[in-house]
Amino acid sequence: MKLYNTLTRRKEVFQPIHKRWVGLYTCGPTVYNYAHIGNLRTYIFEDILQRTLEEKGYTVKRVMNITDVGHLTSDADAGEDKIERAAKEEGKSAEDIARFYTNAFLRDIKALNIKKPKYIEPATRHIKKQIALVQQLIDKGHAYQTNSAVYFDIATFPNYTKLSRQLLEAQRIGVRDEVVRDPEKRNPQDFALWFKTVGKFKHHLMHWQSPWGEGFPGWHLECSAISTGILGQPFDIHTGGIDHINIHHTNEIAQSEAAYDKPLANYWLHAAFLIINDDRMGKSKKNFVILKDIQARGFDPLAYRYLTLTAHYRSMLNFSWDNLKAAQNAYENLKLKIQIVLTPGNKKDANEKKFKSLTETFQKDFTAYIRNDLQVPQALAALHTLIDEILSLHISKPFSKKQVKRMSLVLKAADAILGLNLTESPTIPEEVKKLIEEREQSRVHQQFMQADALRKKIRTLGYEIEDTPLGPFIKKVSSTPNT
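About the criteria used
Here the residue numbers are simple positions, counted from 1 along each chain's written sequence. The predicted origin of the model limits local features to residues at a pLDDT of at least 70 and limits the giving and counting of side-chain atom pairs to 80 or more, whereas totals for whole chains, interfaces and linings rest on all residues. Excluded from the side-chain calculations are hydrogens and water; all other atoms, namely the structure's heavy atoms, are used. What counts as a ring pair is set by centres within 6.5 Å for rings of Phe, Tyr and Trp (its six-membered ring), and what kind of pair is set by the plane angle: stacked under 30 degrees, edge-to-face over 60, tilted for all other angles. The secondary structure listing takes helices from DSSP runs of H or I that are at least 4 residues long and strands from runs of E that are at least 2 residues long, numbered from the N terminus. Any residue under 20% of the maximum accessible area for its type is buried, any over 50% is exposed, and the rest in between are partly exposed; the area is computed with a 1.4 Å probe on protein chains only. Criterion for a charge above a ring: Arg CZ or Lys NZ at most 6 Å from the ring centre, at most 35 degrees from the ring normal. Only protein atoms enter the 1 Å grid used here, on which a cavity is any set of points holding a 1.4 Å probe that cannot leave and a pocket is any open set flanked by protein within 12 Å on both sides along at least five of seven lines; residues with an atom within 4 Å of a point are listed as lining. Grid points are joined across faces, edges and corners, and a volume is the space filled by probe spheres set on the points. All amino acids are sorted into three groups, where Ala, Val, Leu, Ile, Met, Phe, Trp, Tyr, Cys and Pro are nonpolar, Asp, Glu, Lys and Arg are charged, and the leftover types, Gly among them, are polar. Contact definition: two residues touch when any of their heavy atoms are within 4.5 Å.

Draft legend 1. Main features of the packing of aromatic side chains. Within the structure shown, the criterion is met by 20 aromatic pairs. Taking the centre distance of 4.4 Å and the plane angle of 10 degrees together, the rings of phenylalanine 45 and tyrosine 313 count as stacked. Separated by 268 residues along the polypeptide, phenylalanine 45 in helix 1 (residues 37–55) and tyrosine 313 in the loop between helix 8 (301–309) and strand 14 (317–319) bring together distant segments of the chain. Residue classification places phenylalanine 45 among the buried residues on the basis of a relative accessible area of 5%. By relative accessible area, tyrosine 313 is classed as buried at 6%. Grouping aromatic residues by their ring pairs yields a cluster made of Phe14, Tyr58 and Tyr267. Between the NZ or CZ atom of lysine 61 and the centre of the ring of tryptophan 21, over which it lies, the distance is 5.2 Å. In this arrangement the basic side chain of arginine 297 is found over the ring face of tryptophan 321, its NZ or CZ atom lying 3.9 Å from the centre.

Written out as structure tokens, the structure reads:
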């Protein structure tokens, strides 16, 4: 299995630290608002990664943080705390804001069939670990105090930019006019490990006692404390969006490796942006779409998951309502074809030699694609090719129950990676079943106008009939999306 390692800028054969399990850390959401679908694209990629590792035979020990304190409106050390600002705007406590949007996030990942990580860890549950890490850095000469904060001194960590590969001058986040520097900072790029409740943070809603006075942790600190505390250091894989490379993940590496003199993670994987109208989707740009928006327009969340699988995780993906509509149509048609393919029609095996050749070739190709840095678009294309060829065989000479059972196992193995619920048949209400029976009787008696009227009525109830030589098949369709 090969993965593209951002740290080395090349694909590498994956060699886990432990024989039977993999430590996987995935940067989670800052819970001050709903996760937008660009965020969710990254979580789908991480889900595919986990599923692929499991297909390879590993147990995946996956950890995800929940940022419920310390993430300022700038990814550096400027602005307000995002949770605190949301609490003030909505007239709620910071805890209520974090709880509400954490639950919303968990609902979203469930709707997208993303496996829930084994460990979901709010930053506020790990304050002691974060304080201990700051103390470790102070004791080793990598951190210093000012009147307003404790900072990491990047001058003590020569390989500070090894992940981003940027010149330090390019990392001067603070040169923008709106950023007010702490005049006691030794270097412009030094980043806050701990903010003291003084100055603009004097009345910060969340604060804890520390050796440096009351305060709260900087955003980058939580990931180092949580990942190392649960997975050890080094662990196998660290993931996130490409926007984390230059600041957040760079700072994580610096503080973790300076504290413990060993790598933080062996492989770093990053997902590319989802763009909308040729611009990056983001809350700060106010051009973001959330999963509820998609559902409100009549789209299945798994149609969005399908859309994300049509582009490699390291390639930008353009979102539009037309693209999503096309993805939903492709997804629904694929499920319908699978429903037909998994319906036996003969007692004896049919076209067995060709059947076996197609399924074995597909399994080999599919596995090769996903193990080559998660080439999911190619794997999905291979699945479409298989289904079309198998369907053609099945229509000409239907398969036996044994062949259908084998086909079902092949598809379930592929869907264990794709997570699209491909082999699940739609649940059909009794009202719709009766209309289907009435339509069949109308067709038998050549009452075609009545049959057509019943078909249209069934369509208004959210189901569509596809007539085939093997009989009528039905698929559930969403209400016509308002695009």
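Draft legend 2. Expanded view of empty space enclosed by the protein. Counted by the stated rule, this structure contains 3 cavities of 30 Å³ or more. By volume, the largest cavity amounts to about 110 Å³. Of all the elements in the fold, those that place two or more residues in the lining of the largest cavity are helix 1, helix 8 and helix 11 (376–396). Element by element, the count of residues in the lining of the largest cavity is highest for helix 1, at 4 residues. Of the pockets and cavities examined, the second largest cavity occupies roughly 40 Å³. Looking at the second largest cavity, the residues that line it are Gly70, Leu72, Ser74, Asp75, Ala76, Asp77, Ala192, Phe195, Gly218, Trp219 and His220. The set of elements that each furnish at least two residues to the lining of the second largest cavity consists of strand 8 (191–196) and helix 5 (219–231). Of the residues belonging to the lining of the second largest cavity, the class tally is 5 nonpolar, 4 polar and 2 charged.

Draft legend 3. Focus on the environment of glutamate 222. Tracing the chain through its elements places glutamate 222 in helix 5. The class for glutamate 222 is buried, based on a relative accessible area of 1%. Separated by 89 residues in sequence, glutamate 222 and leucine 133 place their C-alpha atoms 9.7 Å apart. In this structure, glutamate 222 is in contact with Asn65, Ile66, Thr67, Val69, Ala123 and Gln130, ignoring residues within four places of it in sequence.

Draft legend 4. Summary view of the environment of lysine 19. Counting through the fold element by element, lysine 19 comes out in the loop between strand 2 (10–13) and strand 3 (21–26). Under the relative-accessibility criterion, lysine 19 is labelled exposed at 70%. A C-alpha to C-alpha distance of 20 Å links lysine 19 and asparagine 372, two positions 353 residues apart in sequence.

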